[in-house]
Structure formats: structure tokens, C-alpha cells
Protein chains: 2
Amino acid sequence: MIIVKIGGGAGINLQGIIQDLAQIREKFIIVHGANALRDKLAEDLGQPKKVVTSVSGYSSVYSDERLIDQMMMAYAGARNKRIVELCQQNGINAVGLCGLDGKSIQGVRNKGIRVYREGKLKILRDYSGKPESVNRGLLDLLLDHGYVPVLTVPIIDEQNTAINTENDDVVRVLQKTLRAHTVINLIEAPGFLENKEDETSLIRRIPVVELERREQQVDGRMKRKMLAVRKLFEVGASRVIIADGRGEHPVTDALSGKGTVIE
Amino acid sequence: MIIVKIGGGAGINLQGIIQDLAQIREKFIIVHGANALRDKLAEDLGQPKKVVTSVSGYSSVYSDERLIDQMMMAYAGARNKRIVELCQQNGINAVGLCGLDGKSIQGVRNKGIRVYREGKLKILRDYSGKPESVNRGLLDLLLDHGYVPVLTVPIIDEQNTAINTENDDVVRVLQKTLRAHTVINLIEAPGFLENKEDETSLIRRIPVVELERREQQVDGRMKRKMLAVRKLFEVGASRVIIADGRGEHPVTDALSGKGTVIE
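Since we're looking at a predicted model, the values are computed, not measured.

1. A word on the nonpolar core
- Residues Ile 3 and Val 150 of chain A together with Ile 3 and Val 150 of chain B are the most contacted members of the largest nonpolar core, which totals 150 residues.
- When sequence neighbours within four positions are dropped, the list of residues in contact with Ile 3 of chain B reads Ile 29, Val 31, Val 171, Leu 174, Gln 175, Leu 178, Ala 180 and Val 183 of chain B.

Structure follows, in C-alpha cells:
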């Protein structure tokens, strides 16, 4: 079993990725993002993301009902169905699901963010949370009958409400259940870079024991990504490959050792 | 087996419909539209529908790639996933699928519309077509394991491309395969009206033999709808109920004989 996470950047070569996947002779599952599409949709609709800052100074996207609608449109709608279409065109019998479908990805809603509003401390609750489990029965049912699940957000919370979450966390929960031997993470960079401004500074191998140190080296999205990678090894991954999703053969290249291989 | 078609109008009471469906003690499948949402999305995006007129004077929506994206966002995205969410909140383990997913609804793409462009006869081809078959294996797999398929457009054509089609035609192809005893069609009207301007002019019973005459009586969408109903009886339906999707209990009311019952 392989888990393939496809980033949601505009530069990702979906066609190349799906063509490569059509050559794979073992079971795999796709998890994908759609952040570029969501951002463009939000911009075209004149509905920019709301960002809130907690009392502890931590900023995060405020996932209101409108943002969940946008996610349903961009992630579970256009991006998911275009990936499924590409899969079908390449002989992969894909079934696109968000976490609500058959409760495929279940999570727990965040308790709220502590913010100051007009001088008062308030708890601001939004539709976001953390994935906790997957519906293995449904995924196995599909996999055992030759279908390839193509998963994305939103997921479903303990009250059966749609919530936003990080796709990296979805991959972790999937890995916890499915115990894939390899997780491929396709991003808009050649892999983990020594210097994020320099695409030639690719680090080709990272032993698992060095992950924590590497995590300290970076910030922002990459820091979160490296933390997510470290957690994958806590739930049984034996190999994680962070590789370029922009090339002609992103998956073949990743599996042949291009990108950053963490073992 | 019951097939429930939920219209895509803004006045449809989704909550009431799903609450009613949660009480049904036999297998059912949902097919839904999203035209109000799609029209609003197109308007908000400043991307109005293109309408083309054929040489024979017949007007139709031109389904270009952008329109398919909008359908993926509105039908397969926001509307489908909000219906799935409501189902989950009412104890129905729904799985939302468009026709691309597992090739659940397969069709044939239209050959093109003959139009005049700058004085010349041209064939204008778009992404539209007619459904021909459903993937019964996938639907049965889900139904037999307690999942309720929630189906919508786009569907998949013979080249594995996403195409637009009429949901009424999707219902017909489903009926041909699944042989439901009852098809419920929930719309934004009390049923079939003698006078479309007068909601009190509901016709409560229409024998199947009278369908063709009733079809002559109306025009536009309702004419197409009545033709679609007639075709349902050609593929084994024993009862079709056209009922109001706006009330408090749309499905319970329909099954208790409110609306137009065609037998």
C-alpha cells in the first residue's frame, strides 16, 4: 500500500502524476489539496479568507460556513472531480470522497480560539478540527473491488458537521489505519531544501533520527510539513518521500529516489 | 427500492427531505440538482451561462470547460456535500458521487450543435451528452453495506471525459437498472398543475395512459419533465410521484399521496 499526497499548488502536474500512478501495480490511495484553486475561487467571489489572531499571538484561518462551502466547491468539487476524471482517462477506477462521504474521515472539532474583541476575552469557535480516525471498512470495500479512493477535506466531526482540517493530518490518520510502506508527498519544490530560496540545495536523504533537527531548521508551512512527516514514522511508515509534483514524471521520479527520501 | 430526485431550486427544503428519508425502512437512492446554486455561483463569478441557438432554432446551454468546473463546484461540490452532511446528521450513511466516481453514470457525448457563425455552417461541440448506463456493481456494493448513494452530475462519457446532462435522464437510466417501485420527484411546485400560474390547480392523479396528453398541455421545463416521467414507465416504474419539495415533510407527504401521483 502506498499513500500519495498531491499538494494543492497551481504548479502541480496532475496529468503526469496520474499517468505515473496508472503504472503502479499495488494498492494506493490518493489524498489531495486544492489551496491554489480555493484561494482563486475566494478571490473571484470577493470573499477573502478571514484570519484571526489568538491571545497567544497565533494566527489561523477562520473557517466559517462560507469557507466550508468554498472548500466543498474547490477541494471536494472541482479539484477532486478533475483528478477523478484524469484517473478514469488513465484506467484508474477512482472514487472521489471527502471526509463526510460514508464518514470516511472522522475528526474532533476545535474547542475555539481565545481572542480579544473590544477589549474582552472571547472564545471564537469555527468549523475546524483534527482528524482522529478513518472508516477503514469503506476504504477496504472500495480497494478490494478495484476502486481507488481519492480523498480530500472537509472531514466530519463528532456532531456530523463538516469541518476544515490539514491534509497532512488526514494522511497521518490514514497511515495509522492503513499502514502503508511508503508515503509520497508531492509538493511545489524538489523536496526538503537546505536553503528554501535555492532549489539546488535539495537534501536527498534524511535519516528518521535527524527529522527533529531538520524541523528546527525551517519555519512556516515546511515546519508543519516536517512535523507531519515525523508523526508518520510514529504510526508505522517505513519510508516517506517528499518530491517535486511539477516534473514530467513526479511519482516515477519519487519512487526512483529523486526528492528527499526519509527512512 | 425508491429513487428520490431532489430538485436544485433555492426553495427546496433539504432538511425536511432528509429528515423524512431517515424514517424510510427500505433501500433508496438520492439524485439531486443544484441549478439555483450553480446560477448564483456563475453570477458571483461574473461567468454567465452561454446559450447557443442551433440552425433549427433550438436553444441550449453551451457546456464549455468552465461550465463543467462550475457544475463540479456547485453540484458535485457544495450541494452534494451539504446533502451528505445533512444525511449524516440524520443517521443516513450517505456517500456522495458524481457520475465520474467509479464511472457510476456513463453516457455518450453529443455530436455537436449545428450553428451559423459568420454566415458559415459550423458544428459546435460542447461537453454535454446523454446518460446510457450506471455502474450497478458500485451502487449495489454501497447499498448492500448500508451506504446511501447521493448522485449528481457531471457524468462520464465514452472517452472518460466529464459531461453535463439532465438529471431527469440520470433518473431514467438509474430506474432502468435498479427497477425501483417508486420514483419521487421533488420540485418547487405542489405537483403537476392544470394551470402553472395557479398552485391550487394541482392534478392529484394521472393514469399512465393520460401522460402523453398532459405533456402536450405544458411547455418548457415541465414538458421535459413530463416526457421524462413517461419514459420512467417504459423502464419499469410502477409509481411516479411529483411532489412539493418546499413543505415541512416533503417525502412523507409525497408517499401519503400529496402531490401528483402517476400510476
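2. Examining the interface of chain A and chain B
- Listed by partner, the interface residues are 28 residues for chain A and 28 residues for chain B.
- If you list the elements that add at least two residues to the side of chain A that touches chain B, you get α3 (65-89) and β5 (94-98) of chain A.
- Of the residues forming the side of chain A that touches chain B, the biggest block, eleven residues, is contributed by α3 of chain A.
- When its residues are assigned to classes, the side of chain A that touches chain B shows 13 nonpolar, nine polar and six charged.

3. Observations regarding the relation of the copies chain A and chain B
- Least-squares fitting of chain A to chain B yields an RMSD of 0.0 Å, with the superposition described by an axial translation of 0.0 Å and a rotation of 180 degrees. What the rotation and shift describe, once combined, is the action of a two-fold rotation axis.
- Of all interface residues in chain A, 100% are interface residues in chain B too; the two copies therefore contact each other through one and the same surface.

4. Comments concerning the sheet that holds strand β14 (residues 205-206) of chain B
All names here are of chain B.
- Ordered in space as β5-β10-β2-β1-β13-β15-β16-β14, the eight strands form an open sheet in which the pairing is mixed. A strand with exactly one partner marks an edge of an open sheet, and here the two such strands are β5 (94-98) and β14.
- Relative to strand β15 (residues 239-244), strand β13 (residues 182-187) is paired through six bridges, and the arrangement is parallel. Note that in β15 the partner of Thr 182 across the bridge is Arg 239.
- Here helix α3 (residues 65-89) sits on the sheet and contacts β2 (28-32), β5 and β10 (148-152); the angle it forms with β5, its principal contact strand, is near 165 degrees.

5. Digging into the packing of helix α1 (residues 14-21) of chain A against α3 of chain A
Residue and element names in this part refer to chain A.
- Where α1 meets α3, the closest approach of the two axes is 9 Å, and the angle between their N-to-C directions is 45 degrees. Considering their axes alone, α1 and α3 lie oblique with respect to each other. For the crossing formed where α1 meets α3, the hand is right-handed. Touching Leu 14, Gln 15 and Ile 18 of α1 are Ile 83, Leu 86 and Cys 87, all from α3.
- Taken together, the residues of the contact of α1 with α3 sort by class into five nonpolar, one polar and no charged.

6. A closer look at helix α4 (residues 136-144) of chain A
Residues and elements named next belong to chain A.
- Along α4, the residues classified as buried are Leu 138, Leu 139 and Leu 142. The arc enclosing the buried residues of α4, seen along the axis, measures out at 95 degrees, which places them on a common side.
- Among the structural elements, β5, β9 (129-134) and β10 (148-152) are those in contact with the buried residues of α4.
- Positive phi shows up at Gly 146, right after α4, with a value of about 90 degrees.

7. Comments concerning the packing of helix α5 (residues 167-178) of chain A against helix α7 (residues 220-234) of chain A
Residue and element names in this part refer to chain A.
- Direction vectors running N to C along α5 and α7 enclose 5 degrees, while the axes themselves pass 10 Å from each other. Compared by their axis directions, α5 and α7 come out roughly parallel. Between α5, through Asp 168, Arg 172 and Gln 175, and α7, the contact on the second element is made entirely by Arg 224, Lys 225, Ala 228, Lys 231 and Leu 232.
- In terms of residue class, the contact of α5 with α7 is made up of two nonpolar, one polar and five charged.

Quick notes on the rules
Residues numbered from 1 in each chain as written. Chains lettered and ligands numbered in written order. Predicted model: local features only at pLDDT ≥ 70, side-chain atom pairs only at ≥ 80, totals over all residues. Core = buried A, V, L, I, M, F, W, Y, C linked by C-beta atoms within 7 Å. Buried ≥ 20, exposed ≤ 12 C-beta atoms within 10 Å, placed from the backbone. Contact = placed C-beta atoms within 7 Å. Helix = DSSP H or I, 4+ residues; strand = E, 2+ residues; numbered from the N terminus. Nonpolar A, V, L, I, M, F, W, Y, C, P; charged D, E, K, R; others polar. Least-squares fit on C-alpha atoms with pLDDT ≥ 70 in both. Pairing = 2+ DSSP bridges. Axes fitted to C-alpha atoms, helices over the stretch in contact; angles between N-to-C directions. Parallel < 35°, antiparallel > 145°, perpendicular 65-115°, else oblique. Left-handed = near helix turned anticlockwise from the far one by under 90°. Arc of directions from axis to C-beta.

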